Amino acid sequence: MPLASMPTELSRPVSPPDPGAPPPCAPRRSARGQRPRRIDGLAGLVVVLAVSGCKAKAASVELSKDEAGGGELEIVAVPADGPKLVALRAGTPVLARPQAGARTIGELYPGAAVVRSSEPYGRAGCSGGWYAIRPRGFVCAGDGATLHTDVVAVLPAPPDLSRPLPYRYGRARTQGTPAYSGVPSREELRHAEPDLDRHLERAQRSDAQLGASANDVPLDERGVATGPPVLLPQQHGVGEDGRRTESGYFVFPLADAVAPLPPLAALGIELGAKDGAPVDLRAAMKTAALRKGSGVAITRTFTAGEADGRRLGVTPDGRLIPTDRLQAALGSPWHGLDVEKVGLPVAFVHRHDVTTWSIGRGKATPNDEELERRTGVPLTGKFRTVDGTRFEEARDGFWLRAQDLVVIVRRSKFPEFAKGSQRWLDVSLANQTLTAYEGQKPIYATLISSGRDQLRDPESSASTARGTFRVRSKHVTRNIDPREVADSFDVADAPWVMDFAPGHAITGMYWGAGVGEAQGFHDIALTPVDARRLFLWAEPELPDGWHAVHSSGEEGTLVHVRP
């Protein structure tokens, strides 16, 4: 099987979806009663792509005129226990109206099962029919989604929204790490991995012990950390002895249950042929090659005899990657401070091995205690100057040199919009800090990593745009522009992405822990714990089962980016 270059989904710069772009549903029409098309999938699975006729009726909810394009649309409320629709491709659009070209209000990801209406609301531009889903919007049953829920068992597992990292992540150990389109044969393995024997020998000798991950941090219902990370048995590769190893990290509780059927439409393959014949996956899709260091999400794994018993990881778009070619990407367990109760000011230590001090009788004396870099310290707001050095007082009674700290002060002046319960994010590029507010009440404070050129022109440099914006869309995961990592590798499925301007987003970071330093291109990067905390807090709210939601009008949380 020939090797292809890096797949488009992982290599191209990603920009926010065009809300006016038509959905990729097939514009074909088929006569009612036509014989259903079929795909013979793995494990004997047969997906029948047929839908019932349209019989929209009954009591209504009237859409606003701007959403309804000047007309009225009556829909029946979709019951919570109704039938489900399953997404087959990344970015399956949720539209405001049941017609091609309608405004995009959200997106689904492969494996998502959402409750739908029992009958479609028309078939214009969608041969399978437009189905209403909860809590709003319409999805085309076609290349991007199916009504047949049996397919869920062989699709990539959905993200776990209860954790800072919604998937397990890995980074390619070697240049050209293969991402197979299906379970490879021995011949395909040898062709795609000419160094296979030597690589497996090295992999068997190396089984490094791993430390704590972002998902080991205990959280409350708001997503705020309640203590230090704890490695629990059976949690993401942790054995009964409390140790996490490289080889165990990609072993899932339900591993080896069934090999996956790739979500064909996500890879640009039309479901079924015109004559009803099965799709030839091998002829339709090629193996991709990842750059060394590239990050990928793994939804589950299985072992395959055809692949010499190697463990293969399933990516969200259905690619298969040998886990022995991946290095675990645990995500930093570091996080910011919950200031909802304690308030400001707070500080973060920005140097290594910073000493605490005692001050008495005009003299500063160093203590034995040292604080690690990025340690968060609530302050009293009091300071003293001793021998020309300014010291800040911590609420725990010790003192710290101001030169060792980044301080988020208590504001005396606020922007005009900071009223009532308005949610907004205050981003300081000079200090590399972010503070979440509700009106004038601080909620959360943390460190960021913005564009590395900081205060230069974002049109011509690696700088984050300054100004006041609104969150335009929220994505559980999304690929990011390689320029965010100096184009040294590719990053797939970065977690907790919130777009606030064209080419600019707030995003979680699983590939590094460099917060407090400007290292990116345009994005504002956070550690996974912080990114999830702010994602859950910010508006618009993500509906259950959706992978992305788009804001409308004045709905999104404000993002205030200043020098």
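Note that the structure is predicted; figures quoted are calculated from it, not measured.

1. Some details on the overall build of the protein
Scanning the protein from terminus to terminus reveals six helices and 38 strands. A buried classification covers 53% of the 563 residues belonging to the protein. Of the roughly 24,600 Å² of accessible surface on the protein, a fraction of 49% belongs to carbon and sulfur atoms.

2. Brief notes about a negative patch on the surface
On the surface, Asp 353, Asp 368, Glu 370 and Glu 372 cluster together into a negatively charged patch. With respect to the element layout, Glu 370 can be found in strand β24 (residues 363-371). Accessibility expressed as a relative area gives 48% for Glu 370, which makes it partly exposed.

3. Let's talk about the nonpolar core
Counting 44 residues, the largest nonpolar core has Leu 534 and Trp 546 as its most contacted members. Once you skip the residues sitting within four places of it in the chain, Leu 534 turns out to touch Leu 425, Leu 434, Ala 436, Tyr 444, Met 498 and Leu 526. Of all hydrophobic cores here, the second largest spans 32 residues; its members include Tyr 169, Phe 348, Ala 494 and Val 515.

4. Considerations on the pattern of salt bridges
Applying the stated criterion to the full structure yields 27 salt bridges. Asp 220 serves as the salt-bridge partner of Arg 222, at 2.8 Å between the closest nitrogen and oxygen. A single network of salt bridges, built from pairs that share partners, joins Glu 193, Asp 195, Arg 310, Asp 324 and Arg 325.

5. Remarks on the sheet that holds strand β19 (residues 320-322)
Taken together, the three strands give an open sheet; going across it, the order is β17-β18-β19, and neighbouring strands pair in antiparallel fashion. Lying at the two open borders of the sheet, with one neighbouring strand each, are β17 (300-304) and β19. Taken pair by pair, the neighbouring strands of this sheet meet at an average axis angle of 35 degrees, ignoring direction. Relative to strand β18 (residues 310-314), β17 runs antiparallel, the two sharing five bridges.

6. Focus: the state of the cysteines
Tallied over the full model, the rule gives one disulfide. With a sulfur-sulfur separation of 2.0 Å, Cys 126 is cross-linked through a disulfide to Cys 140. Torsion about the S-S bond of the Cys 126 and Cys 140 cystine: about 95 degrees, corresponding to right-handed handedness. Taken together, the residues span a long stretch of sequence, with Cys 126 in the loop between β7 (113-115) and β8 (130-132) and Cys 140 in strand β9 (residues 138-140) at a distance of 14 residues. Both residues of the pair, Cys 126 and Cys 140, count as buried.

7. Overview of the pairing of strand β30 (residues 433-438)
Burial analysis of β30 places five of its six residues in the buried class, the great majority of the element. Relative to β30, strand β29 (residues 423-428) runs antiparallel, the two being bridged by six bridges. Its bridge partner being in β30, Trp 424 is matched across the sheet by Tyr 437. Connecting β29 to the next strand, β30, in antiparallel fashion are four residues, including Gln 432 with a positive phi near 55 degrees. Summarising the sheet, β30 and strand β31 (residues 441-447) pair through six bridges and their orientation is antiparallel. Residue Glu 438 lies in a different strand from β31, and its bridge partner there is Lys 441.

8. Digging into the side chain of His 550
By the secondary structure assignment, His 550 is in strand β37 (residues 548-550). Here Glu 107 takes part through its side chain, which lies 3.1 Å from a polar atom of the side chain of His 550.

9. A word on the environment of Val 151
Along the chain, Val 151 turns up in the loop between β10 (145-146) and β11 (168-172). Of the residues examined, Val 151 reaches a relative accessible area of 3% and is grouped as buried. Residues Val 151 and Leu 88 lie 63 residues apart in sequence; the distance between their C-alpha atoms is 9.0 Å.

10. With respect to the sheet that holds β10
Pairing within the open sheet is antiparallel, and its three strands lie in the order β7-β4-β10. Among the strands making up the open sheet, the edge pair consists of β7 and β10. Direction of pairing for strand β4 (residues 84-87) relative to β10: antiparallel, over a ladder of two bridges. Note that in β10 the partner of Val 86 across the bridge is Thr 146.

11. Re the pairing of strand β38 (residues 558-562)
β38 sits mainly inside the fold: four of its five residues count as buried. Bridge analysis of β29 against β38 gives five bridges, and the strand direction is parallel. In the sheet register, Ser 428 faces β38, and the bridge partner there is Arg 562. Bridge analysis of strand β32 (residues 467-470) against β38 gives four bridges, and the strand direction is antiparallel. Counted as the bridge partner of Gly 467 is Val 561 from β38.

12. Structural notes on helix α6 (residues 528-537)
By the criterion of burial, α6 is predominantly enclosed, with nine of the 10 residues buried. For α6, the complete set of buried residues consists of Pro 528, Val 529, Asp 530, Ala 531, Arg 532, Arg 533, Leu 534, Phe 535 and Trp 537.

13. Quick look at the confidence of the model for the protein
Here the protein averages 84 in pLDDT, while 81% of its residues score no lower than 70. Here residues 1-70 scores under 50 on pLDDT; set against residues more than four positions off or in separate chains, the count is 164 contacts. Here residues 263-284 is a poorly scored stretch, pLDDT under 50, and it has 54 contacts once near neighbours within four places are set aside; other chains count.

14. Quick look at unusual backbone geometry
Between Arg 134 and the following residue, Pro 135, the backbone shows a cis peptide bond with an omega angle of -5 degrees. Tracing the chain through its elements places Pro 135 in the loop between β8 and β9. Of note, the amide linkage connecting Glu 539 to Pro 540 takes the cis form, showing an omega dihedral of 5 degrees. Note on placement: Pro 540 falls in the loop between α6 and β37. Residues other than glycine seldom take positive phi values, yet Gln 432 does so here, at roughly 55 degrees. Looking at the secondary structure, you find Gln 432 in the loop between β29 and β30.

15. Quick notes on the environment of Phe 348
With respect to the helices, strands and loops of the structure, Phe 348 is situated in strand β22 (residues 346-349). C-alpha separation for the pair Phe 348 and Thr 375, spaced 27 residues apart in sequence, amounts to 5.4 Å.

16. Concerning the packing of aromatic side chains
For any two aromatic rings, the description comes down to two numbers: the centre-to-centre distance and the angle of the planes. In the structure shown here, the tally under the stated rule is 12 aromatic pairs. With centroids separated by 4.6 Å and ring planes inclined at 10 degrees, the aromatic side chains of Trp 424 and Tyr 437 adopt a geometry described as stacked. Taken together, the residues Trp 424 in strand β29 and Tyr 437 in strand β30 connect sequence positions 13 residues apart. Take Trp 424: its relative accessible area is 0%, and that puts it in the buried class. The buried category is assigned to Tyr 437, whose relative accessible area is 2%. Between Phe 469 and Phe 500 the ring centres are 5.4 Å apart and the planes differ by 55 degrees, which places this aromatic pair in the tilted class. Of this pair, Phe 469 sits in strand β32 while Phe 500 sits in strand β34 (residues 491-501), placing them 31 residues apart in sequence. In this structure Phe 469 comes out as buried when scored by relative accessible area, which is 18%. Phe 500 gets classed as buried once you look at its relative accessible area, which sits at 2%. By the ring-pair criterion, three or more aromatic residues cluster together here, those being Tyr 167, Tyr 169, Tyr 510 and Trp 511. When the ring centre of Phe 383 is taken as reference, the NZ or CZ atom of Arg 390 above it lies at 3.7 Å.

Thresholds applied
- Per-chain numbering applies: the sequence of each chain, read as written, is numbered from 1 onward.
- The predicted nature of this model means local features are confined to residues of pLDDT at least 70 and side-chain atom pairs, given and counted, to a pLDDT of 80 or more, with totals for whole chains, interfaces and linings taken over all residues.
- As a rule here, side-chain values come from all non-hydrogen atoms in the structure, and water together with hydrogens is ignored.
- Segments assigned H or I by DSSP are reported as helices when at least four residues long, segments assigned E as strands when at least two residues long, and all are numbered from the N terminus.
- Relative accessible area decides the class of each residue, using a 1.4 Å probe on protein chains only: under 20% of the type maximum gives buried, over 50% gives exposed, and in between gives partly exposed.
- For the area figures, the Shrake-Rupley method with a 1.4 Å probe applies, and any residue is considered shielded solely by the protein chains shown.
- To count toward a patch, a residue needs a relative accessible area over 30% and no salt bridge; like charges are then connected within 9 Å, while nonpolar side chains (Val, Leu, Ile, Met, Phe, Trp, Tyr) are connected within 5 Å.
- Salt-bridge detection follows one rule: a side-chain nitrogen of Lys or Arg within 4 Å of a carboxyl oxygen of Asp or Glu.
- As used throughout, the charge tally considers Lys and Arg to be positive and Asp and Glu to be negative, leaving His and the chain termini uncounted.
- Every charge is mapped onto a representative atom, which is NZ of Lys, CZ of Arg, CG of Asp or CD of Glu.
- Among the buried residues, those of types Ala, Val, Leu, Ile, Met, Phe, Trp, Tyr and Cys that are joined through side-chain atoms within 4.5 Å form a nonpolar core.
- By definition in these notes, contact holds between two residues if any of their heavy atoms fall within 4.5 Å.
- Strand pairing is assigned whenever DSSP detects at least two bridges linking the two strands.
- The angle between two axes is taken between their N-to-C directions and runs from 0 to 180 degrees, where each axis is a line fitted to C-alpha atoms and a helix contributes only its stretch in contact.
- Any two cysteine sulfur atoms within 2.5 Å of one another count as a disulfide.
- Under this definition, polar contacts are N or O atom pairs within 3.5 Å; protein pairs additionally need one hydrogen-donor-capable and one acceptor-capable atom, and for neighbouring residues in sequence, both atoms have to be side-chain atoms.
- Per-residue confidence from the prediction method is given by pLDDT, with values spanning 0 to 100.
- For this analysis, a ring pair means two rings from Phe, Tyr or Trp (six-membered ring only for Trp) whose centres lie within 6.5 Å, classed as stacked if their planes differ by under 30 degrees, edge-to-face if by over 60, and tilted for the remaining angles.
- Two limits define a charge over a ring: the Lys NZ or Arg CZ must be within 6 Å of the ring centre, and within 35 degrees of the ring normal.

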